[in-house]
Amino acid sequence: MAAVEVHDTPELQEPERRTYLNAGHTLSSWLLTVDHKRIGIMYLIAVTSFFLVGALFAALVRLELTTPAGDLLSADLYNKAFTMHGVVMVFFVLIPSVPATLGNFLIPIMIGARDVAFPRLNLFSWYLFMAGGLFALSAAVTGGVDTGWTFYTPYSSTYANGSVLLAGMGAFVAGFSSILTGLNFIVTIHTMRAPGMHWFRLPLFIWAHYATALIQVLGTPVIAITLLLMMLERGLHIGIFDPTLGGDPVLFQHLFWFYSHPAVYIMILPAMGVISEMIACFSRRRIFGYSFVAFSSLAIAIIGFFVWGHHLYVSSQSVYVGLVFSFITFLVAIPSAIKTFNWAATMYKGSISYDSPMIFVLGFMGLFLIGGLTGLFLAAVGLDVHLHDTYFVVAHFHYIMVGGAIMGFLGGLHFWWPKMTGRMYPELPAKIAAWLVFAGFNLTFFPQFLAGYIGMPRRYHEYPPEFQIFNVMSSGGAVVLGIGYLMPMIYLIWSIFYGKKASANPWTGKGLEWTIPSPPPTENFERTPIVMEEAYEYSHLEVKKVG
Amino acid sequence: MGKFSFWPESASSFAWEVDALYIFIGLVCLVFGLGVFLTVVGFAIKYKRKSDDEIPEQIEGNLPLEIFWSVVPLGIVLAMFAWGAVLFFKMSTPPAEALNFSVVGKQWMWKVQHPEGKREINELHIPIGQPIKLTITAEDVLHSFYIPAFRTKIDAVPGRYTTSWFEPTKAGEYHIFCAEYCGLDHSRMIGKVVVMEPTQYTQWLKNGNVAVASVAGNEPPEAVGARLFEEQRCVTCHQTNGTLGPMLAGVFGHEVKLQSGETIMADETYVRESIMNPTAKIVAGFQPLMPTYQGQLSEDQLIQLIAYIKSLSQTGIQTQAEHRAENEG
């Protein structure tokens, strides 16, 4: 892509090449690093650990729900389990998943920079994230929280027992990490691009992260204030949300969803960016309709700020307000549809190879398609009255937030794993894992659409027996899904020690990250690259590598 | 209730309309989803890489195609929007002849009162073919009153009133669920709605469930409200000469002019606010003299008081209507 001399990767000749990984081996060389790549790896370790915690709570929930009676957990423990599952997965896994790990690692490299604009702030963001995580986990061990991750008032501010303040603080502090990361990315993308890397030569991964960063910077302060007010009401009984103190509980919902709906796009947009990169690489095609895909990211980010009221159709919000939000919600479907069509069109007349990241791409497209289309049912206000707060909603948002975002995350992790670690992972288990995740995911969550339409409400510890069959299917699917998620953890870690050494460009990809050695040196580029080509210029392959 | 099925029971006049929209969107999604799926699978097979150094033809994009696949889905989703909007509007507009039931949610039970005064807990007995309007509130936290067989749901919000309505069409017993998470026993905040033939319903009203009859008196809410109006000394200001507080006959359901110059519809929520937080919206021409009744009235008592105030204005309208009828006659 760039006119740098592409060094033949010195594989055997020069074993002691300095990389960002062997630049220091002490713990403090990691904990005090300002290298965006090392910080990305630190986020990866943290996010994976939180994922295991969140998954443990999910396992408890699914195990409990295999029978209609509340027999495994008490109602109190069940409520705490689904709350911790939600808090950990939303604030500490899904929101940072792609941007904080792959974004941190790749954004500077993809635009031809040596680091992000504010490297120290980047490290500080990681510490804030960890502090937030410790708050949230300490809430779990000091009595737990049973408010649900939505913290709806006045239950959270007045009635709930348990460590609501600690959990709220966790999300509050982690929010600042998200804001600062977003800010860092915006400034980096604006000011650090290499010569010739003008806006329409940026990889779509960058566009997606730019749109995401805008939401992080503009939306997250609102949830921070909202959670702070909830905590103040709980601690000091100021009347903001509790009607007995003169407050308004529905106000909380408006403020909460003003952030938390766009937060879904914080999760899915970066994954979409990952998908664009991989689909181009494995089809050897420039992304069809590049600018439409780029601007659809911005459209989603902007329109996404005006749809929050679709969470409040039956909350006492006025009928007309409901209609307006329904209308805007349908509009946000269009940029998502545009992306899907353009991805499909990118494969047309391509040269498609089925390395494991591409299997994740196909899985993403399947799950995102189902997740996106089922959003139409919920956007239709007259139909949502029936579906709201049922398992139909649970299934829908898992398809988008987990099916879509985690599929993109896992795919991206496989795609850039050789770049990050310098090692190839074993291909066959990776393909099996991708198919298992896809199949297990559908087995787990598709039955929930059916349970939802016949009326099973969310957050039910016990349920009438006619819902059991769907819950048994769901729990069975969760086992398959769990295996699919566990496999990559094992073989990826294995590959760090025993994997085949990776070349600089194992997938014959375009993009600056494939022009530098794997793993990259600390300074990324020996000399600042000068970009002479459009993104995804697959009309010629200048780097031909075997193995 | 009982055996599982893939379709919820349909027992209200909305049920088939909601189902019809569900099926419509479902079919569109199926066609569309299958279309994309088959296209991707087709491309995936047809354009499989044949050799490692294969370089495919590069295509930048296609503007007419982009416009086509933006505008067509837009048209389709706008149709979905319109259908959903019309349905929602209908679901939000109870007919004038609907019977008004009141529902209060509290951790973790539903308290229901019939217009005739009968009370129930976690049960709702109603006659077929009669539009029923529910006025709902909550005593503590948020709840949501959900009857899947009717396809209706409305949040119970502390501090305000929400309404929902339906017309039951099929006799039987159906679930009532709390759909908004409300704490420990959220999943036990369930009940049943019993739809009966009108004759059976009249019979039931007379005999009723002995068990719940003892919950409280089964007087009509406005009668209890009238007593409360005396006991709480509302009469002192609101029923003498009208200098201390506004007279309340004929007020409910009409616009009221406020001191601020605005006008407001005197509905349940406004009357409730005026009792709990009297200085919030003062009627033009009056002083902020009224003390708050916050903490002194239960949600049930508030509903009874409001029912009484409502009855004051219904008799007023009736009298006027009768008056007009007499004149015309």
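Keep in mind that this is a model prediction, so the values were computed, not measured.

Chemist: Any details on helix 6 (residues 164–191) of chain A? Residues and values, ideally.
Modeler: Helix length check: helix 6 of chain A (28 residues) gives 41 Å between terminal C-alpha atoms against 40 Å at 1.5 Å per residue, within 8%. The element helix 6 of chain A is largely enclosed, with a buried count of 20 among its 28 residues.

Chemist: Explain a nonpolar patch on the surface to me, and be specific about the residues and the numbers.
Modeler: Nonpolar side chains collect at one region of the surface, where B:Trp7, B:Ile23, B:Leu27, B:Leu30, B:Leu34, B:Phe37, B:Leu38, B:Val41 and B:Ile45 lie side by side and expose about 870 Å² of accessible area between them. In this structure, B:Val41 sits in helix 1 (residues 15–46).

Chemist: Describe the side chain of B:Asp185, and please don't skip the residues or the numbers.
Modeler: Tracing the backbone shows B:Asp185 in the loop between strand 9 (172–178) and strand 10 (191–196). Lacking a salt bridge, the buried B:Asp185 has B:Arg188 as its closest oppositely charged neighbour, with an N-O distance of 4.2 Å. If we skip the residues at most four places from it in the chain, B:Asp185 touches A:Ala75 and B:Trp108.

Chemist: I'd like a description of the packing of helix 13 (residues 391–421) of chain A against helix 15 (residues 468–498) of chain A, backed by residues and values.
Modeler: All names here are of chain A. Two numbers describe how helix 13 lies on helix 15: the axes approach to 12 Å, and their chain directions differ by 10 degrees. As the angle between them shows, helix 13 and helix 15 are arranged roughly parallel. The residues of helix 15 that touch helix 13, namely those facing Val 402, Ile 406, Leu 410, Leu 413, His 414, Trp 417 and Thr 421, are Tyr 485, Pro 488, Tyr 491, Leu 492, Ser 495 and Ile 496. Tallied by class, the residues present in the contact of helix 13 with helix 15 amount to 10 nonpolar, 3 polar and no charged.

Chemist: Describe the environment of A:Gly162, listing the residues and the values that go with them.
Modeler: Residue and element names in this part refer to chain A. Relative to the elements of secondary structure, Gly 162 occurs in the loop between helix 5 (155–159) and helix 6. Separated by 62 residues in sequence, Gly 162 and Ala 100 have C-alpha atoms that sit 30 Å apart. With sequence-adjacent residues up to four places away left out, Gly 162 is seen in contact with Gly 144 and Arg 234.

Chemist: Tell me about the packing of helix 11 (residues 356–379) of chain A against helix 1 of chain B, and name the residues and values.
Modeler: Direction vectors running N to C along helix 11 of chain A and helix 1 of chain B enclose 160 degrees, while the axes themselves pass 10 Å from each other. It follows that helix 11 of chain A is roughly antiparallel to helix 1 of chain B by the angle criterion. When you trace helix 11 of chain A past helix 1 of chain B, the crossing you get is right-handed. Across the interface between the two elements, A:Leu362, A:Met365, A:Leu369, A:Leu373, A:Leu376 and A:Phe377 of helix 11 of chain A pack against B:Tyr22, B:Ile25, B:Gly26, B:Cys29, B:Phe32, B:Gly33, B:Val36, B:Phe37 and B:Val40 of helix 1 of chain B. Here the residues of the contact of helix 11 of chain A with helix 1 of chain B are counted per class, giving 13 nonpolar, 2 polar and no charged.

Chemist: I'd like a description of the packing of aromatic side chains, backed by residues and values.
Modeler: Residue and element names in this part refer to chain A. A complete count under the given rule lists 69 aromatic pairs over all chains for this structure. Relative to Phe 176, the ring of Phe 172 lies with its centre 5.2 Å away and its plane at 75 degrees, an arrangement referred to as edge-to-face. In this pair, Phe 172 and Phe 176 both sit in helix 6, 4 residues apart, roughly one turn of the helix. Given a relative accessible area of 16%, Phe 172 falls into the buried group. Overall, the relative accessible area of 35% leaves Phe 176 in the partly exposed class.

Chemist: Which residues make up the confidence of the model for chain B, and what values go with them?
Modeler: Keep in mind that low pLDDT regions are not for reading the predicted coordinates in detail. All names here are of chain B. This prediction gives chain B a mean pLDDT of 86; 90% of its residues lie at or above 70. Per-residue pLDDT, averaged within each element of chain B, yields its smallest value for helix 4 (residues 210–213) (46) and its largest for strand 6 (residues 143–147) (97). This stretch, residues 316–329, has a pLDDT under 50; its non-local contacts, to residues over four places away or in other chains, come to 1 contact. Here the predicted complex carries an ipTM of 0.91, next to a pTM of 0.89.

Chemist: Quick one: what's the story with the pattern of salt bridges, residue by residue and with numbers?
Modeler: Charged atoms that come close allow side chains of opposite charge to pair. If you walk through the whole model with that rule in mind, you get 20 salt bridges over all chains. Put simply, A:Arg286 and B:Glu60 hold a salt bridge, and the shortest N to O gap is 3.0 Å. A residue pair is termed interchain when its members come from two chains, as with A:Arg286 in the loop between helix 8 (249–283) and helix 9 (290–303) and B:Glu60 in the loop between helix 1 and helix 2 (63–91). Using a relative accessible area of 52% as the deciding quantity, one classes B:Glu60 as exposed. Linked by salt bridges that have partners in common, B:Lys111, B:Glu139 and B:Asp300 make up one network.

Chemist: How would you sum up the interface of chain A and chain B? Please name residues and give values.
Modeler: Residue-level contacts link 96 residues of chain A with 89 residues of chain B. Buried surface at the junction of chain A and chain B, both sides included, amounts to about 7900 Å², of which 68% is carbon and sulfur. Looking only at chain A, the three residues that lose the most surface to chain B are A:Phe341, A:Tyr453 and A:Tyr460, adding up to 9% of its buried area. Summed over the shared surface of chain A and chain B, the result is 4 salt bridges. Across the pair A:Glu462 and B:Arg188 runs a salt bridge, and its minimum N-O distance is 2.8 Å. Our count for the contact surface shared by chain A and chain B stands at 30 residue pairs in polar contact (both at pLDDT 80 or more). Broken down by class, the residue content of the side of chain A that touches chain B amounts to 56 nonpolar, 26 polar and 14 charged.

Chemist: Give me the sheet that holds strand 6 of chain B: which residues, what numbers.
Modeler: All names here are of chain B. Spatial strand order, 4-10-9-6-7: 5 strands in an open sheet with mixed pairing. Each end of this open sheet is capped by a strand with a single partner; those strands are strand 4 (123–127) and strand 7 (152–156). Mean inter-strand twist for the sheet, computed between neighbouring axes without regard to direction, equals 20 degrees. As judged from the 2 bridges shared by strand 6 and strand 9, these two strands associate in the antiparallel manner. The residue of strand 9 that forms the bridge with Phe 145 is Cys 178.

Chemist: Would you mind going over unusual backbone geometry in detail, with residue names and values included?
Modeler: In the segment running from A:Thr153 into A:Pro154, the intervening peptide bond is cis, with an omega of -5 degrees. Within the secondary structure layout, A:Pro154 lies in the loop between helix 4 (119–141) and helix 5. The peptide bond linking B:Gln107 to B:Trp108 adopts the cis configuration, its omega dihedral lying at -10 degrees. Note that B:Trp108 resides in the loop between strand 1 (99–106) and strand 2 (109–113). The phi dihedral of A:Ser316 falls on the positive side, at around 100 degrees, and the residue is not glycine. Looking at the secondary structure, you find A:Ser316 in the loop between helix 9 and helix 10 (319–347). What makes A:Ser316 partly exposed here is its relative accessible area of 22%. With phi around 60 degrees, A:Arg459 is a residue other than glycine that occupies positive phi space. Within the secondary structure layout, A:Arg459 lies in the loop between helix 14 (427–453) and helix 15. Judged by its relative accessible area of 11%, A:Arg459 is buried.

Chemist: Outline the pairing of strand 10 of chain B, supporting the account with residue identities and numerical values.
Modeler: Residues and elements named next belong to chain B. With 5 of its 6 residues buried, strand 10 lies for the most part within the structure. Pairing geometry for strand 4 and strand 10, over 5 bridges, is parallel. Looking at strand 10, one finds that Glu 123 is bridged to Lys 192. Summarising the sheet, strand 9 and strand 10 pair through 5 bridges and their orientation is antiparallel. Residue pairing in the sheet places Gly 172 in a bridge with Val 195 of strand 10.

Criteria and thresholds
Residues numbered from 1 in each chain as written. Chains lettered and ligands numbered in written order. Predicted model: local features only at pLDDT ≥ 70, side-chain atom pairs only at ≥ 80, totals over all residues. Heavy atoms only, no water. Helix = DSSP H or I, 4+ residues; strand = E, 2+ residues; numbered from the N terminus. Expected span 1.5 Å × (residues − 1). Buried < 20%, exposed > 50% of the residue type's maximum accessible area, 1.4 Å probe, protein only. Patch = residues over 30% accessible without salt bridge, like charges linked within 9 Å, V, L, I, M, F, W, Y side chains within 5 Å. Areas by Shrake-Rupley, 256 points an atom, 1.4 Å probe, with all protein chains shown as cover. Salt bridge = Lys/Arg side-chain N within 4 Å of Asp/Glu carboxyl O. Lys, Arg positive; Asp, Glu negative; His and termini not counted. Contact = heavy atoms within 4.5 Å. Axes fitted to C-alpha atoms, helices over the stretch in contact; angles between N-to-C directions. Parallel < 35°, antiparallel > 145°, perpendicular 65-115°, else oblique. Nonpolar A, V, L, I, M, F, W, Y, C, P; charged D, E, K, R; others polar. Left-handed = near helix turned anticlockwise from the far one by under 90°. Phe/Tyr/Trp six-rings, centres within 6.5 Å; stacked < 30°, edge-to-face > 60°. pLDDT = per-residue confidence, 0-100. Buried area = accessible area lost by both parts, 1.4 Å probe. Polar contact = N/O pair within 3.5 Å; in protein donor to acceptor, adjacent residues only side chain to side chain. Pairing = 2+ DSSP bridges.

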